[in-house]
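So the chains spell out like this:
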Amino acid sequence: MRTVFLLLLIIAAAASAQEVDPPRDSMDYFVGAGVWMPGLLNDGNKLEVGPVLMLGAETPMSQGNQFRLAVGGGKCSSERQHFDGITSVMLNVAYREYPFYRPYAGARGLEPFFGFSAGGIVAWDSVAENFANVEESTTTGGVIVGVHVGTRLKFNENTFFDITIGGDWVPVGGDLAGEADSDLSGIKILGSLIF
């Protein structure tokens, strides 16, 4: 009788633990904001740090890895007097690996990750109003390939927060906003709410 009681107690504890920390086997959505620093590899870069906004969806994280689809945009100003800055629209697919993942985050709730991404960008510059008759606006597009690292923090059973630092290779766009070099490669730092 005592054995049956202990067995029932263990089953009840396991069931209640699953109710508190449900399996992470559903599609999630996210919205993120941060900073975009393009053109960091260019000599004489006059582009300034600007805001970036991303939103998208991610596959279930039931095996410690996942795919993410994100779309968003970034904007930065320029110190060159002929141009106000650059605006961009980005689309990427990323793969993430969580090396310390476990199916139930529990009280720990801190999960470092690393990943890779690829996608595309369309970017254009804005000519300063005083120089509209001198300069022409330019539009370009191409590929983005990146790597990123960060960590995921658990808020509750269904909500998480990511902090991500990523480096992007963007072999286009160096001719925007009067930049003389060949690309917009740089860094993005992003905070994302996952729900």
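Given the structure is predicted, the values throughout are model-derived calculations rather than measurements.

Draft legend 1. Inspection of the pattern of salt bridges at higher detail. Enumeration according to the criterion identifies seven salt bridges in this entry. Salt-bridge contacts for Arg152 lead to Glu58; the nearest nitrogen and oxygen are separated by 3.1 Å. Of this pair, Arg152 sits in strand E6 (residues 139-154) while Glu58 sits in strand E2 (residues 50-58), and the two are 94 residues apart along the sequence. Of the two residues examined, Arg152 and Glu58, each falls in the buried class. Through salt bridges that share partners, Glu58, Arg68, Arg96, Arg152 and Asp162 make up one connected network.

Draft legend 2. How the structure looks around the nonpolar core. In terms of nonpolar packing, the biggest core is built from 24 residues, with Trp36, Ile86, Ile121 and Leu184 touching the most fellow members. Mapped onto this core, the elements with two or more residues apiece are strand E1 (28-37), E2, strand E3 (65-77), strand E4 (83-97), strand E5 (110-127) and strand E8 (186-194).

Draft legend 3. Representation of the pairing of E8 within the structure. As paired elements, E1 and E8 share eight bridges and run antiparallel to each other. Bridge pairing in E8 links Phe30 to Ile194.

Draft legend 4. Structural context of the sheet that holds E3. Overall, antiparallel pairing links the eight strands, which are arranged E1-E2-E3-E4-E5-E6-E7-E8 in a closed barrel. Averaged over all neighbouring strand pairs, the angle between strand axes comes to 25°, with direction disregarded. Strand direction decides the pairing type here: E3 and E4, joined by 13 bridges, are antiparallel. By the bridge assignment, Leu69 is partnered in E4 with Val93.

Draft legend 5. Structural detail: the confidence of the model for the protein. Per-residue confidence for the protein averages 84 on the pLDDT scale, and 81% of its residues sit at or above 70. The least confident element of the protein, judged by mean pLDDT, is helix H1 (residues 2-20) at 50; the most confident is E2 at 97. Below pLDDT 50 for its whole length, residues 15-22 participates in nine contacts with residues either more than four positions away or in separate chains.

Definitions and limits used
Residues numbered from 1 in each chain as written. Predicted model: local features only at pLDDT ≥ 70, side-chain atom pairs only at ≥ 80, totals over all residues. Heavy atoms only, no water. Salt bridge = Lys/Arg side-chain N within 4 Å of Asp/Glu carboxyl O. Helix = DSSP H or I, 4+ residues; strand = E, 2+ residues; numbered from the N terminus. Buried < 20%, exposed > 50% of the residue type's maximum accessible area, 1.4 Å probe, protein only. Core = buried A, V, L, I, M, F, W, Y, C linked by side-chain atoms within 4.5 Å. Pairing = 2+ DSSP bridges. Axes fitted to C-alpha atoms, helices over the stretch in contact; angles between N-to-C directions. pLDDT = per-residue confidence, 0-100. Contact = heavy atoms within 4.5 Å.

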